[in-house]
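The chain contents come next:
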Amino acid sequence: MMTDFTPTEMMTIAAARELSNDDVCFVGIGAPSAACNVARLTHAPDITLIYESGTVGTRPDVLPLSIGDGELCDTALFTVSVPEMFRYWLQGGRITTGFLGGAQIDRFANLNTTVVGPYDHPKVRLPGGGGAPEIASNCGRIFITMALSKRGFVEKLPFVTSMGHGEGGNTREKLGLKTKGPTRVITDLCILEPDPETKELTVVSIHPGVGRERIVENCGWPIKFAETVIETPAPTETELSVLRDINARTKKAHEGAGPGKEAA
Amino acid sequence: MARIMSLTDAVAENVRDGDTVAMEGFTHLIPYAAGHEVIRQGREDLFLVRMTPDILYDQLIGVGAARGMKFSWGGNPGVGSLHRFRDAVENQWPRPLEIEEHSHAAMANAYEAGAANLPFAMLRGYIGADLPKVNPNIKSVTCPFTGEVLAAVPAIRPDVTIIHAQRADRKGNVLLEGIVGVQKEAVLAARRSIVTVEEIVDELSPPSPNSVVLPTWAVTAVAHVPGGAFPSYAHGYYPRSNAFYIRWDEIARDRETFTAWIKENVLDTRPEDYARHAAKTSAKVA
């Protein structure tokens, strides 16, 4: 076990551990992409990673900056059109796990990536939902990874881009959904799970060296802790070196090569 | 039959003020050179359609060429916001932008419905999401067989679709490879289409009988514009300039630097200037 690691590294590694060889995983860009590829390069070499650009079974050597980098297609088992991706593979129910990030989340794991402020007169216009609304409903289960902060973990979302557990309880069942929705939220301080009854996100595991107060202070709602809370195992040497290596390769690839000068 | 012509003529003949225009490309094969020609020719009041409007639509919005946009994800992938898009939505600069926002699944289905000559698309979508509350074009339809209520969105039928592809033959048959996105559907859904290509070859020689080919009789105009997807990429030709996508953030953040960049790199340039980005290499990430 290593003791020298950052909260973000702990988050990525804890998220990676959620995945297994049997997963067919729809990968969001950013933190989810890092976690999914660390899983593939450590304990889950046979995991199927799918990006919404249509690349299936991809094995990138560097993390993509965008959802459609050439690296994803070059290393994929095959690549399909975007309509096929969303119709046959996602809506068709072939994806076991969706891995999402978001700008804001509420206690029932609903996500906002659309606007801050009123929709018609936004204070901040965010990029929007992209694939998330249907990833959230059509994947077998959803993992979410994002850093714990008051700005991100809010009492009330200004906009529900993709539904997690709605109003809590059996919202999903009432809407006819048979998929599980968010089952784990992995942050840089702790791991949350929806309460089996209320579906409210509850702390089930705390990362090494993190106190409960810090979690309470960084969450926008009065966060609850499960009866039994465990300590997240610290990253292993292998996990950390795999993560640091891929981050270093990625940084070099995105900043170094290629014509960075003015586009015509 | 597609006519092989200059990009300047293709845009002059096929893109009109007020048109609904789709310039598609899912990260890959984004038709930058053609979009810049639209800006140079001063088209106005365009209604832009694209699943993933990125830098190119940020530029069209920033110069005031668009009255509206239908989209499902408007950001600089992996980098952050589109600042010109945000400025238009948040501050109405340089003009207000009407937005019609969907999810990717809905947009992909809507293009497919357009290509299939259907009036609308249906999907199991938007469940529990807020977009249907703010977009009156998201409705529902009940399955006549099972009673299931499904989301319904109108088919996308652009006046003109513009895409970039690897190559065409001299008859105007077009081949696309790699991440093919929704380009085939977008071309088939449109009244008119322009395809810019890296190469024009004697024999198209599709690598597989199942290759994505748009036949000449389904395309309006083909223009030879090597490098025309830069800073996006052309699989098998040149890589994506992730470095430029990262740099765009600072260029577009400020109205003055943006306007200066547009003058120097769009208004004062020609389609041929893209050729310096063209290179036949492996499409590894850059």
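These numbers come from a predicted model, not from an experiment. (Residues numbered from 1 in each chain as written. Chains lettered and ligands numbered in written order. Predicted model: local features only at pLDDT ≥ 70, side-chain atom pairs only at ≥ 80, totals over all residues.)

Trainee: Before we go on, may I ask you to explain the sheet that holds strand β11 (residues 182-186) of chain A in this structure?
Mentor: By definition, the strands of a sheet pair up through backbone hydrogen bonds, in either a parallel or an antiparallel sense. The strand order β4-β3-β2-β1-β5-β10-β11-β12-β13-β14 (chain A) describes an open sheet built from 10 strands, whose pairing is mixed. If you trace the sheet from one side to the other, it starts and ends with β4 (78-79) and β14 (224-231) of chain A, each paired once. (Pairing = 2+ DSSP bridges. Helix = DSSP H or I, 4+ residues; strand = E, 2+ residues; numbered from the N terminus.)

Trainee: Would you mind going over the packing of helix α1 (residues 7-14) of chain B against helix α2 (residues 32-40) of chain B with me for this structure?
Mentor: The relative placement of two packed helices comes down to the angle between their axes together with the axis-to-axis distance. Residues and elements named next belong to chain B. Following both chains from N to C, one finds α1 and α2 inclined at 60 degrees, their axes separated by 10 Å at the closest point. What the angle tells us is that α1 and α2 run oblique. In the packing of α1 onto α2, the handedness of the crossing is right-handed. Contacts between α1 and α2 involve L7, T8 and V11 on the former and, on the latter, A33, A34, E37 and V38. Across the contact of α1 with α2, the residue classes break down as five nonpolar, one polar and one charged. (Axes fitted to C-alpha atoms, helices over the stretch in contact; angles between N-to-C directions. Parallel < 35°, antiparallel > 145°, perpendicular 65-115°, else oblique. Left-handed = near helix turned anticlockwise from the far one by under 90°. Contact = placed C-beta atoms within 7 Å. Nonpolar A, V, L, I, M, F, W, Y, C, P; charged D, E, K, R; others polar.)

Trainee: What is the right way to read the pairing of strand β11 (residues 160-169) of chain B from this model?
Mentor: All names here are of chain B. Counting buried residues along β11, 10 of its 10 residues qualify, which places the element largely inside the surrounding structure. Pairing between strand β2 (residues 20-23) and β11: three bridges, direction parallel. Looking across to β11, one finds that M23 is bridged to I162. With nine bridges connecting them, β11 and strand β13 (residues 192-201) associate as parallel partners. Across the sheet, the residue bridging to A165 is V197, located in β13. Where β11 and strand β12 (residues 174-176) come together, two bridges link them in antiparallel fashion. Following the sheet pairing, R167 is matched in β12 by L175. A loop of four residues connects β11 with β12, the two strands running antiparallel in sequence, and G172 in this loop sits at a positive phi of about 100 degrees. (Buried ≥ 20, exposed ≤ 12 C-beta atoms within 10 Å, placed from the backbone.)

Trainee: Explanation requested: the packing of helix α3 (residues 55-62) of chain B against helix α4 (residues 83-91) of chain B in the structure shown.
Mentor: All names here are of chain B. Put simply, α3 and α4 touch, their axes get as near as 7 Å, and they point 45 degrees apart. Taken as axis vectors, α3 and α4 run oblique relative to one another. In this structure, α3 crosses over α4, and the sense of that crossing is left-handed. Along the contact surface, α3 presents D58, I61 and G62, while α4 presents R84, F85 and A88. Residues belonging to the contact of α3 with α4 are distributed by class as follows: three nonpolar, one polar and two charged.

Trainee: What am I meant to see in the interface of chain A and chain B here?
Mentor: Interface size, as often reported, equals the accessible area lost upon joining of the parts. Counting residues at the interface gives 53 residues for chain A and 61 residues for chain B. Put simply, the parts of the chain that give the side of chain A that touches chain B at least two residues each are α3 (70-74), α4 (82-91), α5 (132-138) and α8 (237-255) of chain A. Ranked by the residues each element gives to the side of chain A that touches chain B, the list is headed by α4(A), at six residues. Counted by class, the side of chain A that touches chain B contains 23 nonpolar, 21 polar and nine charged residues.

Trainee: Can you help me understand α8(A) in this one?
Mentor: Note that an α-helix has 3.6 residues per turn; residues three or four places apart therefore point the same way. Between the first and last C-alpha of α8(A) there are 27 Å, a value that for 19 residues agrees with the 27 Å anticipated at 1.5 Å per step. All of the buried residues along α8(A) are E239(A), L240(A), V242(A), L243(A), I246(A), T250(A), A253(A) and H254(A). Elements in contact with the buried residues of α8(A): α1 (7-17) and α2 (31-41) of chain A together with α8 (242-253) of chain B. (Expected span 1.5 Å × (residues − 1).)

Trainee: Hey, could you run me through the nonpolar core in this one?
Mentor: Taken as a class, soluble globular proteins show a tendency for nonpolar side chains to be buried jointly. Residue and element names in this part refer to chain B. With 169 residues, the main nonpolar core has V174 and V195 as its most contacted residues. Element by element, the count of residues in this core is highest for helix α5 (residues 104-115), at eight residues. Other than its neighbours up to four places away in sequence, V174 contacts A165, A168, V195, V197, V213, L214, V219 and V222. (Core = buried A, V, L, I, M, F, W, Y, C linked by C-beta atoms within 7 Å.)

Trainee: Explain the environment of Y119(A) to me, please; I cannot follow it from the model alone.
Mentor: Within the fold, Y119(A) resides in the loop between β8 (115-116) and β9 (124-125). The exposure class of Y119(A) is partly exposed, given the 17 C-beta atoms found within 10 Å. Sequence separation between Y119(A) and P158(A) is 39 residues, and the spatial gap between their C-alpha atoms is 8.3 Å. Once you skip the residues sitting within four places of it in the chain, Y119(A) turns out to touch F159(A) and V134(B).

Trainee: Just to check I follow, could you spell out α5(B) for this structure?
Mentor: With 12 residues, α5(B) ought to run about 16 Å at 1.5 Å a step, and its terminal C-alpha atoms sit 17 Å apart, in line with that. Extensive coverage of α5(B) is indicated by the burial of 12 of its 12 residues. Turning to α5(B), its buried residues number three or more, namely H104(B), A105(B), A106(B), M107(B), A108(B), N109(B), A110(B), Y111(B), E112(B), A113(B), G114(B) and A115(B). Turning to α5(B), the residues buried within the fold contact α4 and α5 of chain A together with β8 (120-123), β10 (149-154) and α7 (183-189) of chain B. Once α5(B) finishes, N117(B) follows within two positions and takes phi at roughly 60 degrees, a positive value.

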